[in-house]
Amino acid sequence: MANGEKERYNANSLVRGLEILKLFNGGRPTMSLAEIAKELNVSRTVPYRLLYTLQTLGYLHQDEHTKRYSLTPKVLELGFAYLNSLNLPEIIQPYLDTLRDTTGASCHLSILDDYEVVYIGSAPVRGVSAINVNIGLRLPAHATANGKLLLAMQPEGKLRETVYGSNLKPYTEKTQTDLPGFFEELETIRKNGYAISLGEFHQGIQSVAAPIYDRSGKVVAAINIVATDVTYQNDFIEKVALPKILDISKQLSGLVGN
C-alpha cells in the first residue's frame, strides 16, 4: 500500500487523541486547552472536542476551578492490556538484566510447580558458570531461596499438602530437614517478604529471593540473586543484593496478571 493510500486510512481524531494523551508526563502532569493546542500546533477548536471525548471516556479529568486537564488512572488499562499480551519472562527480563548489572551477580526468574522451582528466566554473569542455570531447570524448593519463598507464599492448606507430601532431603549439612523447623522458617519468610539461602543446596552458594505479585496480590513468581562465597563478600547478600531485589520486587508489584 502506497503512503498516500495509508494516509487515507488514518483516523485523524484517533491520532490526535493519542497525541494528547502522550503530552502528559511527570514534568507536566496538568495542561490547559491553550497549552495543548500550542503543543499540537493547532487552534483551540481542534482539541476541544477531543478533550471532551477523552474526558467522557474517563481518560482525562478537568479541574472545575483551574480548567486544567490531567490523566486519570484509567489510562493504565491501555498499558496493562499490552503487558497481559506478553509472557511473564518477556516482561521481567529487562528487570533481571538491570538487577544483574547493578549487583554484578546472576539473577533468575522462577515459578513453583508442586514441590520444585522451575527456572523460566535468567540474566547470568559471564564467566561464573557455577551459578548460572538453564531455562527449564528444576530444583527442590526446600533447599533454595526462591523455592522457600514461593512455598511460604502459598495458602496454608496448599502449603501443608505440598510439604507433607515431600521429603526434606539433605543436600548439604545446612539443608533444613526438620519439618517443624521448616514451617517456622517459612512463617518468618512470609512475614519478612523475602528468603535467603546460605549453602543449603550447594556448598559455597548463597542466594536471596523476593516475590512478584500480580494485581490481585497473588505471588506468581520469584526473582533471585545468586552469589558464590569465593567471589562475593560475606555481607553481599544482606547489604547489597537484598535492598536491590526488594526494590525491583516493589517496582514489579501489580505489573502482571489479572
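Located above this text is the structure these notes cover.
Asks: I keep staring at the overall build of the chain and nothing clicks. Help me out?
Replies: Looking only at helices and strands, the chain features ten helices and nine strands. By the burial criterion, 41% of the 258 residues in the chain qualify as buried. For the chain, the proportion of contacts with a sequence separation of at least 24, taken over those separated by at least 6, is 58%. By element, 51% of the accessible surface of the chain is carried by carbon and sulfur atoms, the whole surface being about 14,500 Å².

Asks: Honestly, unusual backbone geometry in this entry has me stumped. Any pointers?
Replies: Working note: non-glycine residues mostly have negative phi, and peptide bonds are mostly trans. Notably, Lys67 is not glycine yet its phi reads approximately 65 degrees, a positive angle. Note on placement: Lys67 falls in the loop between β2 (60–62) and β3 (69–71). Positioned with a positive phi, Asp114 is a non-glycine residue whose angle comes to about 60 degrees. Following the sequence through the fold, Asp114 ends up in the loop between β4 (106–113) and β5 (116–123). On the accessibility criterion, Asp114 (54% relative accessible area) is exposed.

Asks: Before we go on, may I ask you to explain helix α4 (residues 45–57) in this structure?
Replies: Every α-helix carries 3.6 residues per turn, so stepping three or four residues along brings you back to the same face. Taking 1.5 Å as the rise per residue, α4 with 13 residues should run 18 Å; its terminal C-alpha atoms sit 19 Å apart, in good agreement. Residues of α4 that are buried: Pro47, Leu50, Leu51 and Leu54. Axial view of α4: buried residues confined to an arc of 105 degrees, hence all on one face. Exposed residues lying more than 90 degrees from the buried face of α4 are Thr45, Arg49, Tyr52 and Thr56. Tucked into the core, α4 has its buried residues touching α2 (12–23), α3 (33–40), β2 and β3. One or two steps after α4, the chain reaches Gly58, where phi turns positive at roughly 95 degrees.

Asks: How should I be thinking about the packing of α3 against α4 in this particular structure?
Replies: What describes two packed helices is the angle between their axes and the distance between those same axes. Remark: α3 packs on α4, axes separated minimally by 9 Å, with the N-to-C direction vectors making an angle of 120 degrees. The two elements α3 and α4 cross, and the hand of that crossing is right-handed. Contacts between α3 and α4 involve Leu33, Ile36, Ala37 and Leu40 from the former and Pro47, Tyr48 and Leu51 from the latter. Split by residue class, the contact of α3 with α4 holds seven nonpolar, no polar and no charged.

Asks: Even after reading the chapter, I still don't get the layout of surface pockets, so can you show me in this structure?
Replies: Rolled over the atoms, a probe as big as a water molecule pinpoints where empty space is left. The volume enclosed by the second largest pocket comes to roughly 240 Å³. What lines the second largest pocket is a set of 14 residues, and nearest its centre among them are Leu112, Leu150, Gln154, Lys218 and Val219. Elements supplying a minimum of two residues to the lining of the second largest pocket: β4, α8 (156–164) and β9 (219–228). Here the residues of the lining of the second largest pocket are counted per class, giving eight nonpolar, two polar and four charged.

Asks: It is not clear to me how the packing of α8 against helix α9 (residues 179–192) should be interpreted in this structure. Could you clarify?
Replies: It is at 12 Å that the axes of α8 and α9 come closest, and there the two elements cross at 145 degrees. Where α8 crosses over α9, the handedness of that crossing is right-handed. Here Glu156, Leu159, Arg160, Val163 and Tyr164 of α8 come into contact with α9, specifically with Leu179, Phe182, Phe183, Leu186 and Arg190. Along the lines of polarity and charge, the residues of the contact of α8 with α9 split into seven nonpolar, no polar and three charged.

Asks: For this particular structure, what's the right way to read the sheet that holds β5?
Replies: By way of backbone hydrogen bonds, the strands of a sheet pair with one another, either parallel or antiparallel. Across the sheet, which stays open at both edges, the six strands sit in the order β6-β5-β4-β9-β8-β7 with antiparallel pairing between neighbours. A single partner strand is all that each edge strand has here, and the edge strands are β6 (138–140) and β7 (195–198). On average, each strand axis in the sheet is tilted by 30 degrees relative to the strand beside it, whichever way the strands run. Two strands pair when backbone bridges link them, and β4 and β9 are joined in this way by five bridges, in the antiparallel orientation. Counted as the bridge partner of Leu109 is Ile223 from β9.

Asks: For this particular structure, what's the right way to read the sheet that holds β3?
Replies: Read across the open sheet, the three strands follow the order β1-β3-β2; overall the sheet is antiparallel. In this open sheet, the two strands that pair with only one neighbour each are β1 (30–31) and β2. As paired strands, β2 and β3 are joined by three bridges and run antiparallel to one another. In the sheet register, His61 faces β3, and the bridge partner there is Ser70. Where α4 meets the sheet, its contacts fall on β2 and β3, and the angle it forms with β2 comes to roughly 105 degrees.

Asks: What should I look at first to understand the side chain of Ser122 in this one?
Replies: When you line up the elements, Ser122 lands in strand β5. Among the polar contacts listed, one links the side chain of Ser122 to the side chain of His108, at a separation of 3.0 Å. Residues contacting Ser122, with those up to four places away along its chain left out, are Gln93, Leu96, Cys107, His108, Val133 and Ile135.

Quick notes on the rules
- For every chain, the first residue of the written sequence is number 1, and numbering continues from 1 onward in sequence order.
- In keeping with the model being predicted, local features are shown solely for residues with a pLDDT of at least 70 and side-chain atom pairs are shown and tallied solely at 80 or more, while totals for entire chains, interfaces and linings include all residues.
- Side-chain measures here rest on the full set of heavy atoms in the structure, leaving out hydrogens and waters.
- Runs of E in the DSSP output that reach at least two residues are strands. Runs of H or I that reach at least four are helices, and both are numbered from the N terminus.
- Using a 1.4 Å probe on the protein chains alone, a residue whose accessible area is under 20% of its type maximum counts as buried, one over 50% counts as exposed, and one in between counts as partly exposed.
- Working rule for contacts: check all heavy atoms of both residues, and any pair within 4.5 Å makes them a contact.
- Only the protein chains shown count as cover for residues, and the accessible areas themselves come from Shrake-Rupley with a 1.4 Å probe.
- To estimate the expected span of a helix, count its residues, drop one, and scale the result by 1.5 Å.
- In this description, the arc belongs to the directions extending from the helix axis to the C-beta atoms.
- Every angle, taken between N-to-C directions, lies between 0 and 180 degrees, and every axis is a line fitted to C-alpha atoms, over only the stretch in contact when it is a helix.
- Each helix crossing is assigned a hand: it is left-handed if the near helix lies turned anticlockwise from the far helix by less than a right angle, otherwise right-handed if that turn is clockwise.
- Three classes are used: nonpolar for Ala, Val, Leu, Ile, Met, Phe, Trp, Tyr, Cys and Pro, charged for Asp, Glu, Lys and Arg, and polar for all others, with Gly counted as polar.
- Residues are called lining when one of their atoms sits within 4 Å of a cavity or pocket point, these points coming from a 1 Å grid over the protein atoms alone, where a cavity is a set in which a 1.4 Å probe fits but cannot get out and a pocket is an open set with protein on both sides within 12 Å along at least five of seven lines.
- Grid points are joined across faces, edges and corners, and a volume is the space filled by probe spheres set on the points.
- Pairing between strands requires that DSSP locate at least two bridges from one strand to the other.
- Polar contacts here mean pairs of N or O atoms no more than 3.5 Å apart (in protein, one a potential hydrogen donor and the other a potential acceptor; neighbouring residues in sequence count only if both atoms are side-chain atoms).

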